[in-house]
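# Architecture and fold: a report
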Number of protein chains: 4
Amino acid sequence: MADDKIPVGILGATGAVGQRFVQLLARHPWFEIAALAASERSAGQRYADACKWVIPGDPPPAVGDTVVQPLTPNLPAKLVFSALPSDVAREVEPQFARAGYAVCTNAAPHRAVDDVPLLIPEVNADHLSLIAAQRAVWPGLIVASPNCTITGVALPLKPLDVAFDVRKVFLTSMQAISGAGYPGVASLDILDNVIPYIPGEEEKFAQELGKLLGRVVDGRGVPADIVLSAHANRVPVFDGHTVSLSVGFARPASVADVSAVLRDFRGDEIARGLPSAPEHPLITRSEPDRPQPRRDRDAAGGMAISVGRIRPCPLLDIRMTTVSHNTLRGAASGAILNAELLVATGHVMRK
Amino acid sequence: MADDKIPVGILGATGAVGQRFVQLLARHPWFEIAALAASERSAGQRYADACKWVIPGDPPPAVGDTVVQPLTPNLPAKLVFSALPSDVAREVEPQFARAGYAVCTNAAPHRAVDDVPLLIPEVNADHLSLIAAQRAVWPGLIVASPNCTITGVALPLKPLDVAFDVRKVFLTSMQAISGAGYPGVASLDILDNVIPYIPGEEEKFAQELGKLLGRVVDGRGVPADIVLSAHANRVPVFDGHTVSLSVGFARPASVADVSAVLRDFRGDEIARGLPSAPEHPLITRSEPDRPQPRRDRDAAGGMAISVGRIRPCPLLDIRMTTVSHNTLRGAASGAILNAELLVATGHVMRK
Amino acid sequence: MADDKIPVGILGATGAVGQRFVQLLARHPWFEIAALAASERSAGQRYADACKWVIPGDPPPAVGDTVVQPLTPNLPAKLVFSALPSDVAREVEPQFARAGYAVCTNAAPHRAVDDVPLLIPEVNADHLSLIAAQRAVWPGLIVASPNCTITGVALPLKPLDVAFDVRKVFLTSMQAISGAGYPGVASLDILDNVIPYIPGEEEKFAQELGKLLGRVVDGRGVPADIVLSAHANRVPVFDGHTVSLSVGFARPASVADVSAVLRDFRGDEIARGLPSAPEHPLITRSEPDRPQPRRDRDAAGGMAISVGRIRPCPLLDIRMTTVSHNTLRGAASGAILNAELLVATGHVMRK
Amino acid sequence: MADDKIPVGILGATGAVGQRFVQLLARHPWFEIAALAASERSAGQRYADACKWVIPGDPPPAVGDTVVQPLTPNLPAKLVFSALPSDVAREVEPQFARAGYAVCTNAAPHRAVDDVPLLIPEVNADHLSLIAAQRAVWPGLIVASPNCTITGVALPLKPLDVAFDVRKVFLTSMQAISGAGYPGVASLDILDNVIPYIPGEEEKFAQELGKLLGRVVDGRGVPADIVLSAHANRVPVFDGHTVSLSVGFARPASVADVSAVLRDFRGDEIARGLPSAPEHPLITRSEPDRPQPRRDRDAAGGMAISVGRIRPCPLLDIRMTTVSHNTLRGAASGAILNAELLVATGHVMRK
């Protein structure tokens, strides 16, 4: 292992999101995979045997012979990425934080916990200050990535909130099948079909958007005062969540204003230049029929949100459409970007 | 031809919607196909030769040898169904009305014309009174079917408007590819994709919903005062338009109230019992994940709108999801139902 | 229950094929559903509660309140249809035969058993004579429906075998997702993809085709002497198996000869006129690009096999393409047709 | 323009394959785009205006302002890539050859011409000797890329032919929609469907495979003596042609033999090390259900053919499945690889 790389572990390494972590971290400039951990069913096996590889491409050759570890906090790593299912994450992630690990989780259970930053570096890097409260409880830390759909909404809403004060949001999501993991959605349910329901999703949208755009006051998070109405749908698209979005502001905002603010957004200073950060977190499209998930999900390596069809809304102020890559920016790459921020801010030391 | 059937013609008989008319009218209890007409390119050929059949099933054997007529108003019929493209419909339909034909059109050009009823029998059969004004212009008449998406929205909104006074509508459509005709949407554009734009569609929604739910006062149409914000999307679904819908009312309405009103809706008295009218124009679903286009589009032979996920809306009053069959209720069958209403109301005579 | 209908049971009534049985038998002229049986997990519940309905349409209202029975052979029926998974079918079906029931199974385990007729009424109704040997073992009987893909191949090959003596078959199947049951194929595996493998399928093709086209000699089945090479693929099609087929004969056969033989085929005399039997079991298509699964799977209510692209084969004699409906002719409807044959031949008594 | 890059032109630059050329050549180490040419409809416009970009990603920024040239042979380039439609290619390509250009064409018209090498560098680089005969006719040259499907078949068959002498080939293709260009296949024709016919395709397979595996004797091509029976199908897959393949040899070949030969194949010495040449032109897969188009089409940047399911064939010798990327290896990248070979062999000079 190169001297200057930080050893990391992946919890839930055999699932679909875990595979993405493996794929992305195998060539990361700062991190090096030091441990793959998974449930008892897989632990003790070679990774190549334990894991049915379901994402495009092949597993990195280097990890095939790695023996999968159990989910116990004695991995040779400082930082772990969690791709665990919710019920397991709820138990296991605090065990790792208690044992001193920095946990960057993609799982839902701790997103709503007060002291856990729900983090998108370009949006709310300052929420890292919530970690101070965790230090009273354990030597490690947990930071959470938001829901994959709300990630693609919070990024464009952040600069609009700063500029015009977002008050009301209507959103209809058309979410890709990869958001449900593997095996996930049965083909008999989604081929030639739309499923107008994703359990728990609409509630998460409201809560997580409020936390993401909220402030930290006296060490405590104060959610933003936004009313959100959501319709979550699953559509037969492989990767890439599309959102039809109407937004109401407290202050006047023309289409030109909104377009300019989105186009100029670079995100929090501290987030710029991180290895996984795109130069432009938002890409505005001027074609009448863009963004589209198949054509735009891979923008900036799957890290940029594409925004288009910016036009007035008869009910609120502005309508637009966004597309984000749900398993990259919305899952594995997003958590890695969070980890990079932890390093850049000294929450995880290189040595 | 049976003595007691009304001879009808189909304008634009070779296209996808024209084929649906042929298929449905070949076994209709009141109507009998007496003429198939199409553009010069097809006129003079046998129907079987002029027409590449693209809808499921085979063409009715009886029509295969029928010679396609040109689009001139000398067809052996009293009533014609128009499946013409917009630019042709704009020219040809008035010619038929002027020549004394009753024209039931599925095309868009005359929908917005004041004296042309934009008609869904269960919703606004009383708008037929607008025909009186046409009599001053020509001996025939034109009645129009609405846009396929708005048909599936106006039907559930009608009883809600009567009960609670609809004021605001937010809708996101996820429309099937068959709505764009043949060849229509390129597979390279829609496989594994969503297209967040359908030219002119969002504007039609607002205008047509207002007209459909409006009233006729002193022989003139007065549109309903509803503000609508729409996001129109194309999704990789064959048939069946899905709509995520939020509605705001002038009067209080609980989820239970709304469900009961939808469940009890039967439509205008005059529309009940027409051959193509479903017993229940609305079907309310209580499963959390319904309606879905593949599973619900064929409800009541494609004539019923399925409504589900009725729940409160944080911004307006009620959220719900609707599914309607866009080429049956939303196109050919809808126009046939209109024609049945014309017969039932004496606007077209059996003899 | 109507006096003149035969009470039947459905084993495995809650799965996807079981649901098809329920849907089809709810309106059958000879049979009436008297019992729904399923595994312990479902037994004792109302059918509407035990069963997540996954096929198009709604469950017949009449069965919703029926209490699901366990899989024990004391159902109020003479004849049972089995849609059981293989491992359960292997145990349960003989128990029913031993208890005197006629079992029409769609499951695979007993297809290869010598004394069990593998039956397609139009192809080999005479194989019913194998039942005589079962009588020595139990008072009931088992007849099996073949694999869904081979059903669509054996039907066209039967008349060709009679006319020209089939010797060699090369086939590539492109099978619909519904053939794998529910939840079956993960959408992440099949959207925008082909899976070139279906476990055990290619072996079944060879064995079952031999048995279907074989003869019964002295009460024992003698398989046909056909060499078959198969490539089984799964494609993103909902219903309808497509097969690319090359056939070699012992006797000369031109394209015209083959077309004529296929067109004229009506099947065994005894099979004609059964309620579920199509007038023409084979439909030959002359368009260059037919048959296609979406456009042809529902031919004759899903009971006819469509055959087209009949042309010479550079290696064998004839190439062609076939499409069959895998969950109707190839599963539930096929088993019901077998049951009708049992009644017509006196193996199951009306009284 | 960098001094050491070879200026190239793209004929038919605005179509789907033309766009791929633009995308790939914008970052090529040896070539630099010096001219974009297209039909009169586009000529004179900025490329960004003339071209509706349909492939994933965005057009390279540098070409947006390039003015599209007409298809006349006075472009500032030595070498042109042709993505022209067949009828145009038939006229225009010889004009360019006559004017001294090296033409690397992806179009079909000249593939069958005796003196035009039909070229896959790893398979038959020696066929370049056919160019000598062209020199008698014009100062330029034409080399053609094969049909996209047969490219993916000829590559694995080449080493098998060398080792075991290929005599008979059965193949069923399941071809991606991108093979038909844009707009190409209507979504109403292919969603939830298979189209068992692609005009002219089966005939091309036989002729082109013979030419590719043939020899050049005394300056003339002698086709290989292979009998091929083909079934060409279109399936709802975006990119990546899948082929079910049975092969018969003159010499004995076990599954292990075949696997070893495929695994060890590197292609003609001269082709190795070209910028677009994959290190391993063939990738053998040992999983039972691979290769699959979505998971394997991008192997080696879309340049490697994946081969799997190698098993005995009851009729011929060996069955297998192949997947190739039809618009990269099978179109634009394949033609670029041919151009690289022209440079490496001195047919096109760097200066």
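The structure displayed is predicted, hence computed values, not measured ones. (Residues numbered from 1 in each chain as written. Chains lettered and ligands numbered in written order. Predicted model: local features only at pLDDT ≥ 70, side-chain atom pairs only at ≥ 80, totals over all residues.)

## With respect to the interface of chain B and chain A
To be explicit about the condition: Remark: residues whose backbone-derived C-beta atoms lie within 7 Å of one another are considered to be in contact. Numbering of helices and strands runs from the N terminus; a helix is a DSSP stretch of H or I covering at least four residues, while a strand is a stretch of E covering at least two. Gly falls in the polar group here, along with every residue not listed as nonpolar (Ala, Val, Leu, Ile, Met, Phe, Trp, Tyr, Cys, Pro) or charged (Asp, Glu, Lys, Arg).
Counting residues at the interface gives 33 residues for chain B, matched by 33 residues for chain A. Where the side of chain B that touches chain A is concerned, the elements lending two or more residues are strand E6 (166-175), strand E9 (227-234), strand E10 (241-249), helix H10 (293-296) and strand E13 (318-324) of chain B. It is E9(B) that contributes the most residues to the side of chain B that touches chain A, 5 residues altogether. Residues of the side of chain B that touches chain A, tallied by class, amount to 17 nonpolar, 10 polar and 6 charged.

## Quick word on the interface of chain C and chain D
At the junction of the two partners, chain C supplies 33 residues and chain D supplies 33 residues. Looking at the side of chain C that touches chain D, the elements that each hand over two or more residues are strand E6 (166-175), strand E9 (227-234), strand E10 (241-249), helix H10 (293-296) and strand E13 (318-324) of chain C. For the side of chain C that touches chain D, a count of residues per class yields 17 nonpolar, 10 polar and 6 charged.

## A word on the sheet that holds strand E3 (residues 79-82) of chain C
The pairing of strands in a sheet happens through backbone hydrogen bonds and is either parallel or antiparallel. Residues and elements named next belong to chain C. What counts, and what does not: Strand pairing is assigned whenever DSSP identifies at least 2 bridges connecting the two strands. Helix axes use the C-alpha atoms of the stretch in contact, all axes being lines fitted to C-alpha atoms, and the angles between their N-to-C directions lie in the range 0 to 180 degrees.
Here we have 5 strands laid out as an open sheet, ordered E2-E1-E3-E4-E5, and parallel in their pairing. The sheet is open, and its two borders are formed by strand E2 (31-37) and strand E5 (141-144), each paired with just one other strand. When the angles between neighbouring strand axes are averaged without regard to direction, this sheet yields 25°. Along the sheet, helix H1 (residues 16-25) contacts strand E1 (6-11), E2 and E3; its crossing angle with E1, the most-contacted strand, is approximately 160°. Sheet strands in contact with helix H11 (residues 328-344) are E1, E2, E3, strand E4 (102-105) and E5, and its direction is about 150° off that of E4.

## What to know about the relation of the copies chain C and chain D
Keep this limit in mind: Least-squares superposition of the copies uses the C-alpha atoms of those residues scoring a pLDDT of at least 70 in each of them.
Between the two copies, chain C and chain D, the superposition gives an RMSD of 0.0 Å; the rotation angle is 180° and the shift along the axis is 0.0 Å. Here the two chains are linked by the operation of a two-fold rotation axis. Taken as a fraction of all interface residues of chain C, those also at the interface in chain D reach 100%, which identifies the copy contact as same-surface.

## Examining the confidence of the model for chain A
Spelled out, the test is: pLDDT expresses, on a scale from 0 to 100, how confident the predictor is about each individual residue.
For chain A, per-residue confidence averages 96 on the pLDDT scale, and residues scoring 70 or more make up 99% of the total. Listed scores for the predicted complex are pTM 0.96 and ipTM 0.95.

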